[in-house]
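Notes for the structure review
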Amino acid sequence: MVYADPRLEQIKNTKIDSFTYRIEKGKIKEFATALGYTSEKYLNGDAVPPTFPTVIEFWGGQISMSKVLGLNLSKVLHGEQSYEYAGVLEAGDEITVHTEVEKVFMKAKMNFIVLKKTFLNQHGELVLISRSTIIERH
């Protein structure tokens with residue numbers, strides 16, 4: 001496939017450096033409080049809320065996706081986010097996240113970049129697959 005934006009061909013199938021994040025009860029409580037959860041299991045850090053992987057993605061890695069992918073941040077939008085659970089995330093887990101550019105395409109003069117992140121626990125078990133779509137306007 002030929003892309004109008006040559007950067008898309010260059011970043012297709014790019015693998016981003018992996019990172020590991022330890023899930024702490026305090027971070028679970030902080031996240032639950034910020035979202036207004038009232039369930040004691042979340043506020044005590046005894047259970048991980050369904051969208052907590054966002055915390056792992058934002059706090060776990062020190063990698064700037066915009067730099068790695070050559071994006072102009074002033075033109076970037078977050079298009080979509082999905083989580084496919086294959087296991088359970090728990091406080092104390094050490095989660096290693098592997099990221100790759102799964103798909104790139106252009107639509108309506110915008111670049112779409114789909115990132116696939118696989119989350120493995122400390123036992124090497126797959127617990128989650130996350131996909132996020134980055135949109136870069138022209």
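Our subject is the structure listed above.
Presented here is an overview of the structure given in this document.

Let us now look at the pairing of strand 4 (residues 110-120). Consecutive side chains along a regular strand alternate between the two faces of the sheet. Most of strand 4 is tucked away, with nine of its eleven residues classed as buried. In this structure, strand 3 (residues 94-107) lies alongside strand 4, joined through eleven bridges in antiparallel fashion. Bridging across to strand 4, Val-97 finds its partner in Phe-119. Remark: two residues form the turn of the hairpin made by strand 3 and strand 4, two consecutive strands paired antiparallel; Ala-108 in that turn has positive phi of roughly 50 degrees. One ladder, built from eleven bridges, connects strand 4 with strand 5 (residues 126-137); its direction is antiparallel. Each residue of the ladder has a partner; that of Ile-113, found in strand 5, is Ile-134. Taken together, strand 4 and the strand that follows it, strand 5, pair antiparallel across an intervening segment of five residues, in which Gly-124 is found at a positive phi of about 80 degrees.

Below, the discussion takes up the pattern of salt bridges. Scanning the entire structure with this criterion turns up seven salt bridges. One salt bridge connects Arg-22 with Glu-94, and the closest N-O pair in it is separated by 3.9 Å. Linking Arg-22 in strand 1 (residues 15-22) with Glu-94 in strand 3, this pair joins segments that are 72 residues apart in sequence. Note that Lys-27 is salt-bridged to Glu-30, the shortest N-O span being 2.9 Å. One end of the pair is Lys-27 and the other is Glu-30, both in helix 2 (residues 25-34) and three residues apart, which spans about a single turn. Exposure remark for Lys-27: the relative accessible area of 17% places this residue in the buried category.

On the basis of which strands lie adjacent, the open sheet formed by five strands has the order 1-3-4-5-2 and antiparallel pairing. Where the open sheet ends on each side, the last strands, each with one partner, are strand 1 and strand 2 (76-85). Across the sheet, the axes of successive neighbouring strands diverge by a mean angle of 20 degrees, strand direction being ignored.

Further remarks concern the nonpolar core. If you look at the biggest cluster of nonpolar residues, it comprises 15 residues, and the most contacted ones within it are Tyr-21, Ile-23, Phe-52, Ile-56, Ile-95 and Phe-119. Apart from the residues within four sequence positions on either side, Ile-95 is in contact with Phe-19, Thr-20, Tyr-21, Ile-23, Ile-56, Leu-89, Phe-119, Leu-120, Asn-121 and Val-127. Membership of the second largest hydrophobic core comes to nine residues, among which are Ile-11, Val-101, Val-104 and Leu-115.

Along helix 2, the positions that sit buried rather than exposed are Lys-27, Ile-28, Phe-31 and Ala-32. Considered in projection along helix 2, the buried side chains sweep an arc of 135 degrees and stay on one side of the axis. For helix 2, the exposed residues set more than 90 degrees away from the buried face come down to Thr-33 and Ala-34. Buried residues along helix 2 sit in contact with strand 1, helix 3 (40-43) and helix 4 (53-60). Trailing helix 2 by a residue or two, Gly-36 shows a phi angle of about 80 degrees, which is positive.

Quick notes on the rules
- Residues numbered from 1 in each chain as written.
- Predicted model: local features only at pLDDT ≥ 70, side-chain atom pairs only at ≥ 80, totals over all residues.
- Heavy atoms only, no water.
- Buried < 20%, exposed > 50% of the residue type's maximum accessible area, 1.4 Å probe, protein only.
- Helix = DSSP H or I, 4+ residues; strand = E, 2+ residues; numbered from the N terminus.
- Pairing = 2+ DSSP bridges.
- Salt bridge = Lys/Arg side-chain N within 4 Å of Asp/Glu carboxyl O.
- Axes fitted to C-alpha atoms, helices over the stretch in contact; angles between N-to-C directions.
- Core = buried A, V, L, I, M, F, W, Y, C linked by side-chain atoms within 4.5 Å.
- Contact = heavy atoms within 4.5 Å.
- Arc of directions from axis to C-beta.

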